[in-house]
Structure formats: structure tokens, C-alpha cells
Amino acid sequence: MTHNIAHHLTDSLLMAYSAGTLPEAFSLTVAAHVSLCDECRACLGAYDSIGGSLLEHSELPSMEPGSMAAALAAAKSATAAKVRAPRTRGVLPAPLQDYVGGDLDAIKWRPVGLGVRQAILPIQGVATARLLHIRAGAAVPNHGHRGIELTLVLQGAFVDDGGRFARGDIEIADEELDHTPVADDAEDCICLAATDAPLRFSSWVPRLAQPFLRI
Ligand code: ZN
Ligand code: ZN
């Protein structure tokens, strides 16, 4: 069953990934989305080729306004044909399987409470990444963000004010967004979530547990 991905990475995240400047947790999440998404994979191919050609020519050509966009569009259509979807077996995309050493059966879940379980991934750097398992119909407690949070859906779906997010969709949350993601009733929802700062929970129960959960 293929789902049309509706929520994508931003150009700035793809550019930063191409340049290799993202913290490891974000880099992993971008790689996982790109492995599921033809559209972002084509964009990334374009950034990779433009970045490579800029590196080869130390003197940058002076670009007319709009010519960068034109160069990007040309590079995108040139790479779109070449990039094939990597084969994915199982629920976890290949970049994630490398981290957990297998698919879902390799994950040691720990309960967070209220129908949510998590597995923190072994990641270096300022940002953290975890897998979240949200029981069908359960909700992640309402929270805001002190930094950036990237949430990539791997199984099932959740709904919040930003819309409905199913396999392959990525939600990009920042300080502006407060949300209460609720999993669909039909299926448990599994997500990869990367954050570069602790969340802001609005109720005191999850707030008390935060240091233990490292969330
Ligand atoms: Zn995408
Ligand atoms: Zn959030």
C-alpha cells in the first residue's frame, strides 16, 4: 500500500543535509524521509550536484536573479530520472535499520506512559533522536518546542493541528507550534522524532517525568 507523501522537508533542511552541516539526529531523520520520498530525493540530488559543481569551480559565476532557481529546476529534472527508490523491507527505512541493527523486532521499547513507548537511539551531538510507539487512539501529551522537532511517521498515522501525517510524512515543529498528536484508531503509530531542545509540556505529569524520559 503506497501513500502519497503530503508533508515534506524544507529546502533549507535538504541544503544543510547536502552540505553535511546537520546534527546527527536531524541528518538521520532527513535520510530516512529521503529514502521514502521520491520528491525530496530528486531535490537532494539537485542540491548535491549544484554543491559539487560550486566546489569544483572556486570562482562562483555571478548569477542573475532567478538563475539559481532555473539551475535548480534543471538539476532537479536531470536527477529525477536517475534517482531510484532504495528498496525498503520492513517498517524501518534502511538508514534507521543501520542504527537499530534490524527492523522493529530489534527495538527495546520503554514505556513513557499514557499508551506511548519510546526507544532512544545512540546518537552523537546536540540533538537527540528516538522512536515513538503511540498506541492506536492514544495521544502524545500537549507540548510546545524550544527548538526544532522533526517527526517522521513510519507506521500508522497521527493527526494534529498541522494535519494528518501518515507513513513517509514529516512534521517540522518549532517554537511557534504547540500540538497534541493523536494516533489513528485503526493502527498503532510508530514515528522517528528528532529534537535539539527539551519539549515544553503544558501539564505537570509529563513535566515531572521529563528528566527520566530524556524527552
Ligand atoms: Zn519529501
Ligand atoms: Zn512536538
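Residues numbered from 1 in each chain as written. Chains lettered and ligands numbered in written order. Predicted model: local features only at pLDDT ≥ 70, side-chain atom pairs only at ≥ 80, totals over all residues. Heavy atoms only, no water.

### Description of helix 1 (residues 11-19)
Taken together, the buried positions of helix 1 are occupied by Leu13, Leu14 and Ala16. Down the axis of helix 1, the buried side of the element spans an arc of 165 degrees, and every buried residue falls inside it. Within helix 1, the exposed residues directed more than 90 degrees away from the buried face are Ser12 and Ala19. (Buried < 20%, exposed > 50% of the residue type's maximum accessible area, 1.4 Å probe, protein only. Helix = DSSP H or I, 4+ residues; strand = E, 2+ residues; numbered from the N terminus. Arc of directions from axis to C-beta.)

### Some remarks on the coordination of the zinc ion (ligand 2)
Every protein donor of the zinc ion (ligand 2) is accounted for by His143 (NE2), His145 (NE2), Glu149 (OE), Glu149 (OE) and His179 (NE2), and the metal-donor separations fall at 2.0 to 2.8 Å. Of note, the donors binding the zinc ion (ligand 2) are all from one chain and are spaced H-x1-H-x3-E-x29-H. Taking relative accessible area as the criterion, glutamate 149 reaches 7% and is therefore assigned buried. (Donors = N, O, S within 2.8 Å, 3.2 Å for Na, K, Ca; no water.)

### What to know about the pattern of salt bridges
For side chains of opposite charge, pairing can occur when their charged atoms come near one another. Across all of its chains, the model carries 3 salt bridges by this definition. Of the charged contacts in the structure, one is a salt bridge between aspartate 38 and arginine 41, with a shortest N-O distance of 2.4 Å. Here the residue aspartate 38 and the residue arginine 41 both occupy positions in helix 3 (residues 38-56), the gap between them amounting to 3 residues, near one helical turn. Across the pair aspartate 184 and arginine 164 runs a salt bridge whose closest N-O atoms are separated by 2.5 Å. Pair noted here: aspartate 184 is in the loop between strand 9 (182-183) and strand 10 (189-195) and arginine 164 is in strand 7 (residues 163-166), with a separation of 20 residues, a long-range link. A relative accessible area of 47% means that arginine 164 is categorised as partly exposed. (Salt bridge = Lys/Arg side-chain N within 4 Å of Asp/Glu carboxyl O.)

### Some remarks on the packing of aromatic side chains
Across all of its chains, the model carries 1 aromatic pair by this definition. A ring pair is formed by phenylalanine 158 and phenylalanine 165, whose centres lie 5.1 Å apart and whose planes are at 20 degrees; its orientation type is stacked. Just as phenylalanine 158 is buried, phenylalanine 165 falls in that class too. (Phe/Tyr/Trp six-rings, centres within 6.5 Å; stacked < 30°, edge-to-face > 60°.)

### A word on a nonpolar patch on the surface
Together, Trp204, Val205 and Leu208 make up a nonpolar patch on the protein surface, roughly 360 Å² of accessible area in all. Its location among the elements puts leucine 208 in helix 6 (residues 204-213). Residue leucine 208 is classed as exposed on the basis of its relative accessible area of 58%. (Patch = residues over 30% accessible without salt bridge, like charges linked within 9 Å, V, L, I, M, F, W, Y side chains within 5 Å. Areas by Shrake-Rupley, 256 points an atom, 1.4 Å probe, with all protein chains shown as cover.)

### Here's the deal with the pairing of strand 2 (residues 116-120)
Relative to strand 2, strand 1 (residues 110-113) runs antiparallel, the two being bridged by 3 bridges. Note that in strand 2 the partner of glycine 113 across the bridge is valine 116. Connecting strand 1 to the next strand, strand 2, in antiparallel fashion are 2 residues, including leucine 114 with a positive phi near 55 degrees. Both strand 2 and strand 3 (residues 128-134) contribute to a ladder of 5 bridges, which runs antiparallel. The residue of strand 3 that forms the bridge with valine 116 is isoleucine 134. (Pairing = 2+ DSSP bridges.)

### With respect to the side chain of aspartate 169
Mapped onto the elements, aspartate 169 comes out in the loop between strand 7 and strand 8 (170-173). Despite its burial, aspartate 169 pairs with no opposite charge; the closest candidate is arginine 164, at 6.4 Å N-O. A distance of 2.7 Å separates the side chain of aspartate 169 from the backbone nitrogen of alanine 6, its partner in a polar contact. Apart from residues no more than four positions distant in its own chain, aspartate 169 is found in contact with His3, Ile5, Ala6, His7, Thr151, Leu152, Val153 and Arg164. (Lys, Arg positive; Asp, Glu negative; His and termini not counted. Polar contact = N/O pair within 3.5 Å; in protein donor to acceptor, adjacent residues only side chain to side chain. Contact = heavy atoms within 4.5 Å.)

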